[in-house]
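Structure at a glance
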Amino acid sequence: MIDVAITALGKYLPEQRLTNKDLEKMVDTNDEWITTRTGIKERRIANKEDGEVTTYMATKAVEQLIAKRGLDPLEIDLIICGTITPDLRFPDTANAVAHNIGATNAFGFDVNAACSGFLFSLATGVAYIKSGMYKKVIVVGVDTMSSILNYEDRSTCIIFGDGAGATLLEANVEGNGIKDQVLRGDGSGIEFLHMKNGGALNPITKENIDSGDQYVFQDGRPVFKRAVQGMSRTVKQVLANNNLVSSELDWIVPHQANMRIINSVADQLDFPLEKVMQTIENYGNTTAATIPLCLNDYESKLKKGDKIILTAFGGGFTWGSIYLTWAYDGEL
Ligand code: COA
C-alpha cells in the first residue's frame, strides 16, 4: 500500500485586520463578550475591491508552497480546493488556481463541505495517490467568509475571517503520512447552519435579496454541542482504530470555530492544551482554511514521525478526524 504524506505547506492571509474594537462600532457587542465566548481577538478581511478574494488567496498560498518546495507546476496532477465561498458559482476555484500557477497538466475541482472542507478534500487527494493514479496533488482550504456575512448580525459576523492554506500530497517511502480517517455527515443539520439564497432553491432575485437570506445563518448553541460531540467522538474512534491512546499523540489540530469548543474537545480527550494547535485568537474561523493555516503556523515545531490528528466539524452537518504521521522536520 502506498503511504501518502503532506510534504509542503503554504498560506495566505489578507493584511486587513478586523478587531473586536472595530466590531464594537459596527454591532451591539464588546471585546469582553467576544473574547470570553469565542477566544477571538481579530480576524483578517479580504480587500475585495482589489480582487483579494478566494481564487487570489488560494493562488498565493499555492505559489508559496511551490516556491518553498522548489516544485515545477507542470508536475502537479490535481488541485482540490475545499471552499464554500468560490468567486463564481462555476467554474471551480481549483481550475482557476491551476491556470494562475501554470499547472497546465493538472485538473481541479472544489469540495463543498463547509468547515470540514479541508478534511474531505485531503481524504480525496490521498485516495487518488493511494490508487496509484496520480503523484502530486495540492489540497487547499480557502474561504472569503466576509463575502457571505451580514455585518449587522452580531451572532455571526464576530466569528469568521478570511484566509487560505495549501498542502502538497506525495507518496512517502518512509512509512509516514495519512493513516486513517473517520468522516461523517448528517443532513439533518441543515436547519442550524446554512445560507439560503443564491442556489437553485432561492435564485438571485430582487425579492430574495430583500429577504436578507444571502448571508450565513447559524443557530449557535446546537452547533456548538454537536461540534464538541462530533470532533471528540471521531478522534476517539480514530485512536481506537489505530490502537492508540491520546497521550501518544504529539498534536491535535482542531478546526478553529470557538475556543470553548477546542477546550471542551481537549477536555473530553484528557489532552493537554499545549499540544492543541490554536490560531483562533488571530484569525477567527476561516472555515476550510483553519486546519492548513494551523499546520503552516506550527510547521517549525513539527518533527518527522509526529503523530497528529486533524479534526473538524461544520455545516451540513459534516465532521470527522484524520490520523497522520508527519513527514519532515521543521520548516522547509
Ligand atoms: N455580543 C454580545 N452578545 C451577544 C453576541 C455578541 N456578538 N452574540 C450573541 N449575544 C447574546 C445573545 O443575544 C444572547 O443574549 P440573551 O441571553 O439576552 O438572549 C447571549 O449573548 C447568549 O447567546 P448564545 O447564542 O447562547 O451565545 P453562545 O454562548 O452560544 O455563543 C456562539 C454564541 C455563536 C459564539 C456559539 O454558540 C458558537 O460558537 N457556536 C458554534 C459555532 C461553530 O462551531 N460553528 C461551526 C461551524 S464552523
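Residues numbered from 1 in each chain as written. Predicted model: local features only at pLDDT ≥ 70, side-chain atom pairs only at ≥ 80, totals over all residues. Heavy atoms only, no water.

1. Regarding unusual backbone geometry
Negative phi values dominate among residues other than glycine, just as trans dominates among peptide bonds. Heads up, the condition is: Secondary structure elements are defined from DSSP: runs of H or I of at least 4 residues count as helices, runs of E of at least 2 residues count as strands, and each element is numbered from the N terminus. Under the scheme applied here, a residue whose accessible area is under 20% of the maximum for its type counts as buried, over 50% as exposed, and between as partly exposed, the area being computed with a 1.4 Å probe on protein chains only.
The omega angle of the peptide bond from phenylalanine 90 to proline 91 is -5°, so this bond is cis rather than trans. Along the chain, the position of proline 91 falls in the loop between β4 (78-82) and α4 (93-101). At the junction of glycine 316 and phenylalanine 317, the peptide bond is cis and its omega measures out at -10° in the coordinates. Relative to the helices and strands, phenylalanine 317 resides in the loop between β12 (307-314) and β13 (318-325). Positioned with a positive phi, alanine 114 is a non-glycine residue whose angle comes to about 50°. Its location among the elements puts alanine 114 in the loop between β5 (107-111) and α5 (117-130). The exposure class of alanine 114 is buried, given its relative accessible area of 11%.

2. Describing the site of the ligand
The line we're drawing: Near, as used in this document, describes a residue that has one of its heavy atoms within 4 Å of the molecule or strand being considered. Polar contacts here mean pairs of N or O atoms no more than 3.5 Å apart (in protein, one a potential hydrogen donor and the other a potential acceptor; neighbouring residues in sequence count only if both atoms are side-chain atoms). Residue exposure ignores everything except the shown protein chains as possible cover, and the areas themselves are Shrake-Rupley values with a 1.4 Å probe.
Not every one of the 22 residues close to the ligand is listed here, only the nearest: Thr29, Arg37, Cys115, Arg221 and Asn258. Threonine 29 has a polar side-chain atom sitting 2.6 Å from a nitrogen atom of the ligand. One of the side-chain nitrogen or oxygen atoms of glutamine 218 is found 2.9 Å away from a nitrogen atom of the ligand. For the ligand, whose unbound accessible area comes to 950 Å², protein coverage reaches 75%. Mapped onto the shell around the ligand, the elements with two or more residues apiece are α2 (31-38), α8 (220-241) and α9 (259-268). Among the elements that take part in the shell around the ligand, α8 stands out by supplying four residues, more than any other.

3. Describing the domain arrangement of the chain
Convention followed: What marks off one domain from the next here is an automatic or database domain assignment. Defined in terms of a 1.4 Å probe, buried area is the accessible area two parts forfeit on being brought together, summed over both. The salt bridge criterion pairs a side-chain nitrogen of Lys or Arg with a carboxyl oxygen of Asp or Glu, the two atoms within 4 Å. Under the scheme applied here, ten amino acids are nonpolar (Ala, Val, Leu, Ile, Met, Phe, Trp, Tyr, Cys and Pro), four are charged (Asp, Glu, Lys and Arg), and all others, including Gly, are polar.
Taken as a whole, the chain is organised into domain 1 (3-175) and domain 2 (178-325). For domain 1 and domain 2, the distance between their C-alpha centroids amounts to 14 Å. A per-residue breakdown of the area domain 1 buries against domain 2 is headed by Leu9, Cys115 and Leu119, which together make up 16% of the total. Summed over the shared surface of domain 1 and domain 2, the result is four salt bridges. When the shortest N-O distance is used, the salt bridge between glutamate 299 and lysine 68 registers 2.9 Å. Listed by contribution, the elements that provide at least two residues to the side of domain 1 that touches domain 2 are β1 (3-12), α2, β3 (42-44), α3 (54-69), α5, β6 (137-144) and β7 (162-172). Broken down by element, the residue count for the side of domain 1 that touches domain 2 peaks at eight residues, all from α5. Partitioned by chemical class, the residues of the side of domain 1 that touches domain 2 number 24 nonpolar, 16 polar and 14 charged.

4. Looking at the side chain of glutamate 42
Here is the rule we go by: Whether two residues touch is decided by their heavy atoms; if any such pair falls within 4.5 Å, the residues are in contact.
Tracing the backbone shows glutamate 42 in strand β3. Polar contacts involving the side chain of glutamate 42 include one to the side chain of arginine 17, which spans 2.7 Å. Setting aside residues up to four positions removed in sequence, glutamate 42 forms contacts with Arg17, Leu18, Thr19, Asn20, Ile280, Glu281, Asn282, Tyr283 and Gly284.

5. Here's the deal with the sheet that holds β6
As a reminder of what qualifies: Pairing between strands is defined by DSSP: at least two bridges between them are needed. To get an axis, fit a line to the C-alpha atoms, keeping to the stretch in contact for a helix; angles then go from 0 to 180 degrees between the N-to-C directions.
The strand order β1-β7-β6-β4-β5 describes an open sheet built from five strands, whose pairing is mixed. For this open sheet the edge positions go to β1 and β5, each flanked by a neighbour on one side alone. Along the sheet, successive strands turn relative to each other by an average axial angle of 20°, direction set aside. By the bridge criterion, five bridges tie β4 to β6 in an arrangement that is parallel.

6. Concerning the pattern of salt bridges
Summed over the entire model, instances satisfying the criterion amount to 14 salt bridges. Here arginine 17 ties to glutamate 42 by a salt bridge, and the two come within 2.7 Å at their closest N and O atoms. You can see arginine 17 sitting in strand β2 (residues 17-19) and its partner glutamate 42 sitting in strand β3, a full 25 residues away along the chain. Of the residues examined, arginine 17 reaches a relative accessible area of 45% and is grouped as partly exposed. Taking the relative accessible area as the measure of exposure, glutamate 42 reaches 15% and is therefore buried. Here the salt bridges share partners, and the residues they tie into one network are Arg69, Glu75, Lys136 and Glu170.

7. Overview of the packing of aromatic side chains
Put simply, the rule is: Centre distance within 6.5 Å is the pairing criterion for rings of Phe, Tyr and Trp, where only the six-membered ring of Trp is used; planes under 30 degrees apart are then read as stacked, over 60 as edge-to-face, and the remainder as tilted. Only when the NZ of Lys or the CZ of Arg is both within 6 Å of the ring centre and within 35 degrees of the ring normal is a charge said to sit over the ring.
Applying the stated rule across the entire model yields 11 aromatic pairs. Ring centres of phenylalanine 107 and tyrosine 128 lie 6.4 Å apart, and the angle between their planes is 80°; on these two criteria the pair is classed as edge-to-face. Of the two residues, phenylalanine 107 is situated in strand β5 and tyrosine 128 in helix α5; the sequence distance between them amounts to 21 residues. Phenylalanine 107 sits in the partly exposed class, given a relative accessible area of 32%. Looking at tyrosine 128, the relative accessible area reads 23%, which means it is partly exposed. Summarising the aromatic geometry, the rings of phenylalanine 109 and tyrosine 128 are spaced 6.5 Å apart at their centres and angled 55° between planes, so their arrangement reads as tilted. With phenylalanine 109 in strand β5 and tyrosine 128 in helix α5, this residue pair connects regions lying 19 residues apart in the sequence. Through a chain of ring-to-ring contacts, three or more aromatic side chains come together here, namely Phe107, Phe109, Tyr128 and Tyr134. One Lys or Arg, arginine 226, reaches over the ring of tryptophan 319 and ends 5.5 Å from the middle of that ring.

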